[in-house]
Amino acid sequence: MHQKRSYGRVLVVSTLVGCLEVALTVVVVLLYVRTQPPPDKPADYTAIGGTLISLVPLVGFISFLLSLVFVLPAVAVTDLLGRRFGGRAAWWPAPLVVAALLAPPLMCFVAYNDVEPRSVCVFWASATASLSLGALIALPRGEGLLRRVALWGTGVVAGTALFGTLGLTVGLLPAYEPPAIGPQTMPGSWVDHTGGTLVFTSDGRVTASGVGGRLANDYPSDPSPSCSGSGTWSYERGRDVWTQKVRIDIPGCSWPAWGIGGTVREPRIHQNIGDPGSGELYKLRKATSASPR
């Protein structure tokens, strides 16, 4: 004879699983960010951490509601089928019930919004998998389930963070580094976000048009003049990809050496702007003939 199920415990376990899934997602996203080129303005991780902590009650509440609406009915139907057929409840009805319950709200959303069917299907499958995991983990009736879920779930999140950080440190994960572009990459047009351009030629000449200026609409209290003119350029290989530089000498344009960033497919050159040590970058990207920008 099976132990009578506590649906209150099902709600608690499923809510905890949902919170752990969110925590794991945050860890994976933070690790992924380390493999991508840095943004023009560095992220304030202190503020991000404070925001994430302040959102914990909201995440818990949403996880509870989702468990109440989707997970609890899935577990109840699984129990019902087990009693109906006089055997132990199988696991497979839970994902089917979750998928069926998710379908009506998704169909209503699609009816009133212009979204791609593929995106809807991907979201439906992801949401079904996430909520079904909570249902499947909450199915066992043994004692100590909540404690085991808390310990193992926390271990998975912490282990992912630890091994991901170690992987980035020792090179098992592809931590971001600038591309080694070489002087052959420079000829062509390089464009900033305001439309300013640097046009490099293979004979060492460069022409600037509106480079380095701030749009008055973007910075009404601190616009800065742009720089235009013609001069010369040279590429310095440096000790490694982090120290390679491009030097540009144009009369009237007093720029330090430009750093290299971006990716092999979309290289960038940049200047440090803002306060010293702020990490804020002014970037130009190489335009292509197919899609000039």
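Because the structure is predicted, anything quoted here is derived from the model rather than measured. (Residues numbered from 1 in each chain as written. Predicted model: local features only at pLDDT ≥ 70, side-chain atom pairs only at ≥ 80, totals over all residues. Heavy atoms only, no water.)

Engineer: Looking at this model, I keep getting lost on the sheet that holds strand β7 (residues 267-273). Mind explaining?
Structural biologist: The strands that make up a sheet pair up through hydrogen bonds in the backbone, lying either parallel or antiparallel. Spatially, eight strands are ordered β1-β2-β3-β4-β5-β6-β7-β8 in a closed barrel, and the strand pairing comes out antiparallel. Put simply, the sheet's adjacent strands are angled 35° from each other on average, direction ignored. Here strand β2 (residues 197-200) runs beside strand β3 (residues 205-211); their pairing, made up of four bridges, is antiparallel. For T197, the partnering residue across the bridge sits in β3 and is S209. (Pairing = 2+ DSSP bridges. Helix = DSSP H or I, 4+ residues; strand = E, 2+ residues; numbered from the N terminus. Axes fitted to C-alpha atoms, helices over the stretch in contact; angles between N-to-C directions.)

Engineer: How should the nonpolar core be read in this particular structure?
Structural biologist: Soluble, globular proteins show a tendency: their nonpolar side chains are buried together. Membership of the largest hydrophobic core comes to 25 residues, with the highest contact counts inside it found for V13, A74, V75, L102, L131, A135 and V149. At the level of secondary structure, the elements contributing two or more residues to this core comprise α1 (7-33), α3 (56-84), α4 (93-112), α5 (117-138) and α6 (145-170). With seven residues, the single largest contributor to this core is α1. Excluding residues within four positions of it along the chain, V149 makes contact with V13, L16, V17, L20, I137 and T154. Judged by nonpolar contacts, the second largest core, of 20 residues, contains M186, I269, Y282 and L284. (Core = buried A, V, L, I, M, F, W, Y, C linked by side-chain atoms within 4.5 Å. Buried < 20%, exposed > 50% of the residue type's maximum accessible area, 1.4 Å probe, protein only. Contact = heavy atoms within 4.5 Å.)

Engineer: When you look at the pattern of salt bridges in this model, what are you seeing that I'm missing?
Structural biologist: When the charged atoms of two side chains with opposite charge come close together, those side chains can pair. Counted under the stated rule, the structure contains four salt bridges. Close ionic contact of E236 with R247 constitutes a salt bridge, the shortest N to O distance being 2.5 Å. Remark: R247 occurs in strand β5 (residues 245-249) and E236 occurs in strand β4 (residues 227-236); sequence separation between them is eleven residues. Judged by its relative accessible area of 31%, E236 is partly exposed. Between E266 and R285 there is a salt bridge, and its shortest N-O distance comes to 3.5 Å. Of this pair, E266 sits in the loop between β6 (258-262) and β7 while R285 sits in strand β8 (residues 280-286), and the two are 19 residues apart along the sequence. Sharing partners across several salt bridges, the network here consists of E266, R268 and R285. (Salt bridge = Lys/Arg side-chain N within 4 Å of Asp/Glu carboxyl O.)

Engineer: What's the story with the pairing of β8 in this structure? I'm lost.
Structural biologist: Regular strands have side chains that alternate between both faces of the sheet. Burial analysis of β8 places five of its seven residues in the buried class, the great majority of the element. With two bridges joining them, strand β1 (residues 188-191) and β8 adopt antiparallel strand pairing. Each residue of the ladder has a partner; that of V191, found in β8, is R285. Direction of pairing for β7 relative to β8: antiparallel, over a ladder of six bridges. Bridged to Q271 within β8 is Y282. Joining the antiparallel neighbours β7 and β8 is a turn of six residues, in which G274 adopts a positive phi near 80°.

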